[in-house]
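One-letter residues, chain by chain:
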Amino acid sequence: MTYRVVHYINQFFAGIGGEEQAGQKPLLKEGIVGPGQALAAEFGDKATIVATVVCGDGYFAENMDEATETIIGLIASCKADAVIAGPAFNAGRYGTACGAVCTAVKDRLAIPALTAMYPENPGVDLFRKETIIVETADSARGLRKAVPPMASILLKLLEGRELGLPAEEGYLPQGLRKNLFRAEPGAERAASMLVKKLRGEPFETEYPMPVFDRVPPAPALKDLKGARIALVTSGGIVPKGNPDHIEASSASRYGEYDISGVSDLTSADYATAHGGYDPTYADGDADRVLPVDVLREMEREGIFAKLHDLFYTTVGNGTPVAMAARFGREIAVKLREAAVDAVILTST
Amino acid sequence: MVKEIERAGFPVVHMCTIIPISQTVGANRIVPTIAIPHPFGDPTKSPEEEKALRRALVEKGLKALQTEITEQTVFND
Amino acid sequence: MKLELHRLKVRRLAWGSRTAFDKGLLSIDRSALTDLLAKDGRFRSVTLDLALPGESVRIIPVKDVIEPRCKLDGPGEVFPGFIGDVETVGEGATLVLEGAAVVTCGAIVGFQEGIIDMSGPGADYTPFSKTCNLVVTFEPVDGLEKHEYEAACRMAGFRAARYLADSVRDVAAETIDTVQWPPLSEAMTAHPGLPKVAYLYMLQSQGLLHDTYLYGVDVKRILPTLVSPTEVMDGAVVSGNCVSACDKNSTYAHQNNPVIAALLARHGREINFVGCIVTNENVTLADKKRSSAAAVKLARMLGVEGLVISEEGFGNPDADLIMNCRRAEAAGIRTVLITDEFAGSDGASQSLADAAPEATAVVSVGNANARVVLPPMERVIGFPREANVIAGGFDGSMRDDGSIEVELQAITGATNELGFSRLSAVTV
């Protein structure tokens, strides 16, 4: 079959004009416009560019939601099987628009989409995780080289075939870790790598170390006596029976449990769901992980105003950082609504 | 989790045993605890001693929350 | 120290009236072995099954895998501290039933045991789909405390492995490998011009159910120490582990430690391999620092220029791994680390709990969060419903048609951090 492809480009590549025409609203043109010629030639009879959507870079940047909405509508009206955007080369607003359009197409129309740009285009950092971006030169002189990988990757996506490695296929790494089988077992690779490292020969690590981001410290708690303190834990303390089925490892959810009136976490009512440490001690007395008993005591003594009625818990065992970050954001919203002043987060 | 809660503006004290991980991940107020399977307890001690130990740790945590800091700080005592 | 490994290649298993070996066929006297294992009063039942490569068989929940070995000659017995005495092993002759394995199966902790598929997509991920497996399934007596249950299963696995080898000890070996391990005084001056290298062998030791034993000693109680590769081959290091199945080192993986094999293969040609430093992964920061400092001190005393460091497990042991790396690099010792990754099922998350710029050479043995669908098998040995609670399984893992969707985490040996298999990960 011949796939129906819609091409997205800006006002400049559509021949409408330069910066003075950047306010161009989205419009649909039948068939091929501008750089679509080269793409169509590369597709051969496997895919046809049925229409081209054009939008001014300035208009898109200033009206992102509205423009996206209109563009998605135009693409949907073409009964497209896939969308190809750009190449945007090193044009920042164009690259951002291409990335945003491809992401919206994937999310809302559930069809393949890809774009192409220069690695330093700001659109790369914004959208590389969401969409495939083929690497190009920094100017339109690189069009001829960009077209073959754009066409071949889009066809692979349309046919549901698996993509090879970024360097082989010509796209920018999305930052996702993907499993593969190498030629040699890990121990052999380690020994060879060590020999190279000792000889000062070049070698390639299989896992480049991540750089963790930093958050500035929040201001200190000013008034302890009047403070509402909340407890959060990654130690997996849950009501016995784990009512929300939080996974022992790689948790996909967190629990929110009411401890109003509870002055001690007893082994009759609480246990740990964590699969990464010996549960004997936490199961015997969950206060060893989540110190409710002493906090309740201090609350009674008036050292602080209130222990928050709800505690939040998950299992920090092989749980992806991205997942934990999502839990953190969601929990923070709930803590704000509950007028909590400070948080004690315990980990095992 | 600790960073996202702090990013939302709450002072957070991270009470955990393996300080290097907390430091790498980027918690700001860190209070060391006893051991991974029992951060706030010591099963070799009597329940009363254990609770006293736990109270001392929590007090340390509250003190950390009340301390202004400009960079990552481990509250050792 | 000189150790001869007398090898018989097992290609098939079958039940027989007596345990015997003939041209690749290992016949097993089912009732004699059942009786031997059932002597342990902690078991209500002991069941033996066979699982061969290519069969439509799933084994779940797997606790440990052990290679059948016994001493033919020399001091001690395999698995010292558990079988025979605590005599130093690693010298003389040891019989190896290569290609055979004892797989122990029991729902001890529930979420910490693994899955072995003998065919299908799951078989690609476990080394033990290629071995001829004698599966021993245990049910405990009512009320048996789980640490006791673990100890009973551990012992039974060693007994079965030793029984199989010992029963065919009179059969002449098909091949004999000899490993000669010199005293330090010789090793230090051997192979001038080649860099001295050691192996820093990290062992899980986080609690009663996350433990590894060295000569029967729980390694959380040791200070890092030196062992020879031949001691490891004789079962000086054994698993008592109930942690995620993908990256706990089975006893089989210790007996056949591939890092030791890779370093021995380069010994005298590219490197001068001078020793294995065994260290632990403990639960307090002081213990972690103490062990890391002592392990790197041993490496410095040996005067090595390079270290291969293998981790066991994930999460807080990442801190031990990174600490060992930083200390060694600070002492001028070049390191290569072997670890697995927990990057999320989509691979988008950070892979390790700890990190350091000094870790410039890392071998990844794969992302354990990646998911795989295991189709139904004709025969299931063990307790299939455990899939829902196994680490790496999730609520609803077991589908109505008998297939299971799990993370690789649930598959025994899938991301073995001794570098047993070819699995790895890349950034795409």
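Residues numbered from 1 in each chain as written. Chains lettered and ligands numbered in written order. Predicted model: local features only at pLDDT ≥ 70, side-chain atom pairs only at ≥ 80, totals over all residues. Heavy atoms only, no water.

Draft legend 1. How the structure looks around the overall build of chain B. When helices and strands are tallied, chain B shows 3 helices and 3 strands. In sequence order, chain B lays out its α and β elements as α-β-α-β-α-β. Counting only C-alpha atoms and orienting by the principal axes, one finds that chain B spans roughly 40 × 25 × 20 Å. Considering only contacts within chain B whose residues lie at least 6 apart along the sequence, 41% involve residues at least 24 apart. Total accessible area on chain B is roughly 2,900 Å²; 53% of this is exposed by carbon and sulfur atoms. Looking at charge distribution, chain B has the averaged site of its 9 positive side-chain charges lying 2 Å from that of its 10 negative ones. (Helix = DSSP H or I, 4+ residues; strand = E, 2+ residues; numbered from the N terminus. Contact = heavy atoms within 4.5 Å. Areas by Shrake-Rupley, 256 points an atom, 1.4 Å probe, with all protein chains shown as cover. Lys, Arg positive; Asp, Glu negative; His and termini not counted. Charge placed at Lys NZ, Arg CZ, Asp CG, Glu CD.)

Draft legend 2. Molecular detail of the overall build of chain A. Along the backbone of chain A there are 11 helices and 14 strands. Relative to a compact globule of 348 residues, whose C-alpha radius of gyration would be 20 Å, chain A shows 27 Å and is clearly more extended. Taking the principal axes of its C-alpha atoms as reference, chain A extends roughly 75 × 55 × 40 Å. For chain A, the proportion of its 348 residues judged to be buried stands at 55%. At a minimum sequence separation of 6, the contacts of chain A that also span at least 24 residues come to 72%. Carbon together with sulfur atoms contributes 51% to the accessible area of chain A, which is approximately 14,400 Å² in total. Charge centroids of chain A, computed over 36 positive and 46 negative side chains, lie 4 Å from each other. (Rg over C-alpha atoms; globule rule 2.2 N^0.38 Å. Buried < 20%, exposed > 50% of the residue type's maximum accessible area, 1.4 Å probe, protein only.)

Draft legend 3. Spatial organisation of the side chain of glutamate 417 of chain C. Along the chain, the position of glutamate 417 of chain C falls in the loop between strand S24 (404-407) and strand S25 (423-427). With no salt bridge to any partner, buried glutamate 417 of chain C finds its closest opposite charge in arginine 189 of chain A, at an N-O distance of 11 Å. Separated by 3.1 Å, the side chain of glutamate 417 of chain C and the backbone nitrogen of aspartate 340 of chain C make a polar contact. Apart from residues no more than four positions distant in its own chain, glutamate 417 of chain C is found in contact with Asp247, Asn249, Ser310, Glu311, Glu312, Gly313, Ile338, Thr339, Asp340 and Val365 of chain C. (Salt bridge = Lys/Arg side-chain N within 4 Å of Asp/Glu carboxyl O. Polar contact = N/O pair within 3.5 Å; in protein donor to acceptor, adjacent residues only side chain to side chain.)

Draft legend 4. Main features of the interface of chain A and chain C. Residue-level contacts link 56 residues of chain A with 73 residues of chain C. Summed over both partners, the interface of chain A with chain C buries about 5,200 Å², with 60% contributed by carbon and sulfur atoms. Between glutamate 270 of chain C and arginine 199 of chain A there is a salt bridge; the shortest N-O distance is 3.9 Å. At the junction of chain A with chain C, the criterion picks out 32 residue pairs in polar contact (both at pLDDT 80 or more). Elements with a contribution of two residues or more to the side of chain A that touches chain C: strand S7 (177-181), helix H8 (186-199), helix H9 (280-284) and helix H11 (321-337) of chain A. Here the side of chain A that touches chain C gets 13 residues from one element, more than from any other, and that element is H8 of chain A. Considered class by class, the residues forming the side of chain A that touches chain C number 29 nonpolar, 15 polar and 12 charged. Relative to S25 of chain C, S7 of chain A runs antiparallel, the two sharing 5 bridges. The partner of lysine 178 of chain A across the bridge, within S25 of chain C, is valine 426 of chain C. (Buried area = accessible area lost by both parts, 1.4 Å probe. Nonpolar A, V, L, I, M, F, W, Y, C, P; charged D, E, K, R; others polar. Pairing = 2+ DSSP bridges.)

Draft legend 5. Region of interest: the domain arrangement of chain A. Segmenting chain A into domains produces domain 1 (3-169) and domain 2 (228-346). For domain 1 of chain A versus domain 2 of chain A, the separation of C-alpha centres amounts to 47 Å. (Domains from an automatic or database assignment.)

Draft legend 6. Focus on the interface of chain B and chain A. Between chain B and chain A, the contact holds 44 residues from the first and 52 residues from the second. Each partner contributes to the roughly 4,200 Å² buried at the junction of chain B and chain A, and carbon and sulfur atoms together form 65% of this total. Three residues, Met1, Phe10 and Arg55 of chain B, lead the burial of chain B against chain A; their summed loss comes to 19% of the area buried on that side. At the junction of chain B with chain A, the criterion picks out 8 salt bridges. Note that arginine 54 of chain B and aspartate 285 of chain A form a salt bridge whose closest N and O atoms lie 3.8 Å from each other.

Draft legend 7. Layout of the nonpolar core. In this structure, Ile229, Leu265 and Ile344 of chain A together with Leu62 of chain B are the most contacted members of the largest nonpolar core, which totals 47 residues. Secondary-structure elements contributing two or more residues to this core are strand S8 (228-233), strand S9 (237-239), helix H10 (292-300) and strand S14 (342-346) of chain A together with strand S1 (12-16) and helix H3 (47-65) of chain B. In terms of residue count, H3 of chain B provides more of this core than any other element does, 5 residues in total. (Core = buried A, V, L, I, M, F, W, Y, C linked by side-chain atoms within 4.5 Å.)

Draft legend 8. Region of interest: the sheet that holds strand S7 (residues 69-73) of chain C. Residue and element names in this part refer to chain C. Strand order in this open sheet of 4 strands is S7-S8-S1-S12, and the pairing throughout is mixed. Looking along the sheet, the strands with just one partner apiece sit at the ends: S7 and strand S12 (175-180). Geometrically, the sheet is characterised by an average inter-axis angle of 25° between neighbouring strands, direction not taken into account. Its contacts with the sheet place helix H2 (residues 146-167) against S7 and strand S8 (92-98), and it is angled at close to 45° to S7. (Axes fitted to C-alpha atoms, helices over the stretch in contact; angles between N-to-C directions.)

Draft legend 9. The arrangement of the packing of aromatic side chains in detail. If you walk through the whole model with that rule in mind, you get 16 aromatic pairs over all chains. With a centroid separation of 4.4 Å and 20° between ring planes, the pair formed by phenylalanine 43 of chain C and phenylalanine 138 of chain C is classed as stacked. Here phenylalanine 43 of chain C is found in strand S5 (residues 43-51), whereas its partner phenylalanine 138 of chain C is found in strand S11 (residues 132-140), with 95 residues between them in sequence. Each member of the pair, phenylalanine 43 of chain C together with phenylalanine 138 of chain C, is buried. A centroid spacing of 5.5 Å and a plane angle of 90° characterise the contact between phenylalanine 82 of chain C and tyrosine 213 of chain C, whose relative ring orientation is edge-to-face. Here the residue phenylalanine 82 of chain C occupies a position in the loop between S7 and S8, and tyrosine 213 of chain C occupies one in strand S14 (residues 210-214), the gap between them amounting to 131 residues. On the accessibility criterion, phenylalanine 82 of chain C (17% relative accessible area) is buried. Three or more aromatic residues link up through ring pairs in this structure, and these residues are Phe12, Phe13, Phe89 and Tyr94 of chain A. (Phe/Tyr/Trp six-rings, centres within 6.5 Å; stacked < 30°, edge-to-face > 60°.)

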